Amino acid sequence: MKKNNKTNYLSDSFSVVSSYVRKNIAKLIVFIVTFICSLLLSFLHTATSDTVSTYSLAEYEIGQIADRDVIARKSIPADFENEISITKGEKVIKKGFPITEFEYAKLKRMAEAPAYIDYRLFADTVLFMMLLSAMFFFLFGTTCLGYPLPLKDQITGSVFFVLTYGSALFVAGKGPFQSSMLIALSTPAIFFVFLVAILFGQRNAVYFSIVVSFGVLNAAGGQLLPFLYILASSLAASRIVRRINRRIDMLVASFVQSALNCVFLIVLKIAFNSPLGDMVALLPGVAFNGFFSGILCLGFLTPIELLLNTSSVFRLMDLNDLSTPTMKKLLVNASGTYTHSMMVAQLAEAACNEIGANGLLARVGAYYHDIGKMDNPEYFTENQTGTNIHTEINPSLSVSIIRSHVKKGVETAMALHMPDRIIDIIREHHGNQVISFFYNAAKEKDPNVNQEDYSYTGTPPSSKESAVVMLADTVEAACRSLTKPSVSRIEKFVQELVDSKIANNQLNNCGITFKDLKLVKDAFVQILAGYYHSRIKYPDQKDPDTGLPDNGSAGAVQKAPDAPSVKEDEKEEKTEVEKASEAPAEKKEPSPKNSKASSKEKSDEPGEKETKKGKNSKSGEKSSKSAKSDEKDKTYA
């Protein structure tokens, strides 16, 4: 029995691993290629470095008491340039004895011989790179990153790492770069961190900073000073460019990075009690490295943005411009959709800022989420001026037109070479939910109608930004039909809409939490309450249709800042019903006061009735004369 359980466990484990490999074969290939490239660079460095038994030749000198035995593992014959020969198994230096000039010459001969490679040092590098690769695989996995790393992002990060690691190995121990800090300042780590932070986000930049710092640690032979310097400066670089919105901001970031590089160098030199004699040469070097990295990043950013088609802050700012041809066409062809998109953008950006998501990405995604409606704008409610076309056609045809705007929007966005994350928002802003209005209409005709035929063909949101745009789109459209939009009613209505999305499994794959949804709902309510707030009418304002004084609208009443509760609204509605039921009796038995009214008062009777009808409190019982005096006391809105 135990054997069967063990066999089943191994079989299940193998199936899980094989399934993962099939799904991520491209990413695994990139990972393996990066690892092999790093090992080749390490092998080349080991083969050309002056090392003997994993120790640098610089650690030995003539007359020094040897602290270890060095035994030749290969025979090196004498040649025309060097008469010194070494026999395999020969003890070149002996522990506890001073190193003679002849023994030092043999050590030098071993270190400089092309055929003599310190495989022990290379084996140590292989083990280190295996651990570093495991760290890379973990940090850039879905668990730490929060989302699956796209293949192009992984390729870009791998290329940046190999270039940084290779530059550190190239200058290590070569000529004037004997100082470990000179190794650190000569690597383009800050430049690549700038690029990663702007192209892929701050979290990616932080993880990249950690990985590349450990790469420099291995290249510098395990010295902590360059490792800590690269780590500190790289983390600072990822933070500096976090909030930049304009390309000119990179110039400021370059100056700040230069100053921080100098501070990090001074602090580390003092903390490690390192000699300060080379500070005159190092300080200008690290300052130039920080400034030049920012300027170089600004130059390389545009072509890399276009090559990778990323949603960087600068690319999003370009798309945020409402004067683009696409937005102008949307305004002309579908003005209602344009207005709707503007409102959705405001809601989505505010909500994303509350939950720590990318507000700029959500705003731009909301601008373009309905660009598929430009071809047939008259089929969508916000663009209709009176006649609803859908009343004249079959529900199945209506559904095919309505849900096709998602597909057309994705096609238009791809034709415009928009970033993938914007296209994802367009594709996912309706998810795969049912178009209930037409589904119910079709179900009345045929109870056996298929629900999938009346559902959107997209996918549920895969990011917080996409989920917020979906909620903002639903809330903005639904609240337009809300009567008496008080704060309490808006809040209750928004909660019902959010609960509906949860019940329909539209928010399962976006990583949004209930805490986030609470913040999103509060942000929506705050904006919508301000948008639908009541206003006071201007004095002597008239109805444009009748030309009579327009005193009977609900908007003519100035309400208190605190909106009435739902119960109060129900009471008001009940009062209006009671008044309507009592109206005939009042007409049959007019009061003496009304019968004695002057002709002037009779002429004001329509306005008086409209005023009574519009008011929801006891002020509706006032006479027309008192109503006029009240209007004079109201302030302008």
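Residues numbered from 1 in each chain as written. Predicted model: local features only at pLDDT ≥ 70, side-chain atom pairs only at ≥ 80, totals over all residues. Heavy atoms only, no water.

With that settled, consider the overall build of the protein chain. Helices and strands together make up the secondary structure of the protein chain, namely 27 helices and four strands. Counting over 637 residues, the protein chain shows a buried share of 42%. Accessible area for the protein chain stands at about 34,900 Å²; split by element, carbon and sulfur atoms hold 59% of it. (Helix = DSSP H or I, 4+ residues; strand = E, 2+ residues; numbered from the N terminus. Buried < 20%, exposed > 50% of the residue type's maximum accessible area, 1.4 Å probe, protein only. Areas by Shrake-Rupley, 256 points an atom, 1.4 Å probe, with all protein chains shown as cover.)

The next thing to look at is empty space enclosed by the protein. Considering all chains together, one arrives at four cavities of 30 Å³ or more under this definition. In this model, the largest cavity occupies a volume close to 120 Å³. Considering the residues around the largest cavity, the lining is formed by Phe 31, Thr 34, Phe 35, Ser 38, Met 129, Leu 132, Ser 133, Phe 136, Ser 158, Phe 161 and Val 211. Secondary structure elements with two or more residues in the lining of the largest cavity: helix H2 (25–48), helix H4 (119–139) and helix H6 (151–171). Along the lines of polarity and charge, the residues of the lining of the largest cavity split into seven nonpolar, four polar and no charged. What the second largest cavity holds in volume is close to 80 Å³. In terms of lining residues, the second largest cavity is bounded by Phe 136, Phe 140, Leu 149, Asp 153, Gln 154, Gly 157, Val 196, Phe 200, Asn 204 and Phe 208. Breaking the lining of the second largest cavity down by element, the ones donating at least two residues are H6, helix H8 (189–200) and helix H9 (202–219). Top contributing element to the lining of the second largest cavity by residue count: H6, with three residues. Here the residues of the lining of the second largest cavity are counted per class, giving six nonpolar, three polar and one charged. (1 Å grid on protein atoms, 1.4 Å probe; cavity = no way out; pocket = protein on both sides within 12 Å on 5 of 7 lines; lining within 4 Å. Points joined across faces, edges and corners; volume = space filled by probe spheres on them. Nonpolar A, V, L, I, M, F, W, Y, C, P; charged D, E, K, R; others polar.)

So, on to the environment of Arg 246. Within the secondary structure layout, Arg 246 lies in the loop between helix H10 (224–240) and helix H11 (249–271). Looking at Arg 246, the relative accessible area reads 52%, which means it is exposed. Sequence separation of Arg 246 and Asp 318 is 72 residues, and the distance between their C-alpha atoms is 9.9 Å.

Turning to the side chain of Lys 373, a few remarks are in order. With respect to the secondary-structure elements, Lys 373 resides in the loop between helix H16 (359–368) and helix H17 (395–415). Assessed through its relative accessible area of 8%, Lys 373 is described here as buried. At a separation of 2.9 Å, a polar atom in the side chain of Lys 373 contacts the side chain of Glu 382. Residues within four places of Lys 373 in sequence aside, it is in contact with Thr 337, Phe 380, Glu 382 and His 405. (Polar contact = N/O pair within 3.5 Å; in protein donor to acceptor, adjacent residues only side chain to side chain. Contact = heavy atoms within 4.5 Å.)

Residues Val 17, Tyr 20, Val 21, Ile 25, Ile 29, Val 33 and Phe 137 make up a contiguous nonpolar surface patch of roughly 600 Å² in combined accessible area. Broken down by secondary-structure element, the contributors of at least two residues to the nonpolar patch are helix H1 (2–23) and H2. With respect to the helices, strands and loops of the structure, Val 21 is situated in helix H1. (Patch = residues over 30% accessible without salt bridge, like charges linked within 9 Å, V, L, I, M, F, W, Y side chains within 5 Å. Salt bridge = Lys/Arg side-chain N within 4 Å of Asp/Glu carboxyl O.)

Our next topic: the layout of surface pockets. Taken as a whole, the largest pocket spans an internal volume of roughly 1,800 Å³. In this structure, the largest pocket is lined by 50 residues; those nearest its centre are Phe 200, Gly 201, Asn 358, Arg 421 and Glu 465. Mapped by element, the contributors of at least two residues to the lining of the largest pocket are H6, H8, H9, helix H13 (313–319), helix H15 (335–355), H16, helix H18 (420–428) and helix H20 (464–479). Per-class residue counts for the lining of the largest pocket are 20 nonpolar, 18 polar and twelve charged.

Take the packing of H4 against H9 next. Packing of H4 against H9 brings their axes to within 10 Å, and their N-to-C directions diverge by 175°. Here H4 lies roughly antiparallel to H9, going by the angle between them. Here H4 contributes Thr 125, Phe 128, Met 129, Leu 132, Met 135, Phe 136 and Leu 139 to the contact with H9, which in turn contributes Tyr 207, Ile 210, Val 211, Phe 214, Gly 215, Leu 217 and Asn 218. Among the residues forming the contact of H4 with H9, the class breakdown is eleven nonpolar, three polar and no charged. (Axes fitted to C-alpha atoms, helices over the stretch in contact; angles between N-to-C directions. Parallel < 35°, antiparallel > 145°, perpendicular 65-115°, else oblique.)

What follows concerns the packing of aromatic side chains. Counted under the stated rule, the structure contains 14 aromatic pairs. Seen in terms of ring centroids, Phe 191 and Phe 192 are 5.0 Å apart; in terms of plane orientation they differ by 45°. Their pairing is tilted. For Phe 191, a relative accessible area of 8% puts it in the buried group. Relative to Phe 227, the ring of Phe 214 lies with its centre 5.0 Å away and its plane at 55°, an arrangement referred to as tilted. Here the residue Phe 214 occupies a position in helix H9, and Phe 227 occupies one in helix H10, the gap between them amounting to 13 residues. Here Phe 214 falls in the partly exposed class, since its relative accessible area comes to 25%. (Phe/Tyr/Trp six-rings, centres within 6.5 Å; stacked < 30°, edge-to-face > 60°.)

Next up on the list: the pattern of salt bridges. The final tally for this structure, using the stated rule, is twelve salt bridges. In this structure, Asp 420 engages Lys 152 in a salt bridge whose closest nitrogen and oxygen atoms are separated by 3.1 Å. Taken together, the positions of Asp 420 in helix H18 and Lys 152 in helix H6 put the pair 268 residues apart, joining distant regions of the chain. Owing to a relative accessible area of 37%, Asp 420 belongs among the partly exposed residues under this scheme. Lys 152 gets classed as partly exposed once you look at its relative accessible area, which sits at 26%. A network of salt bridges, in which partner residues are shared, links Arg 247, Glu 305 and Asp 318.

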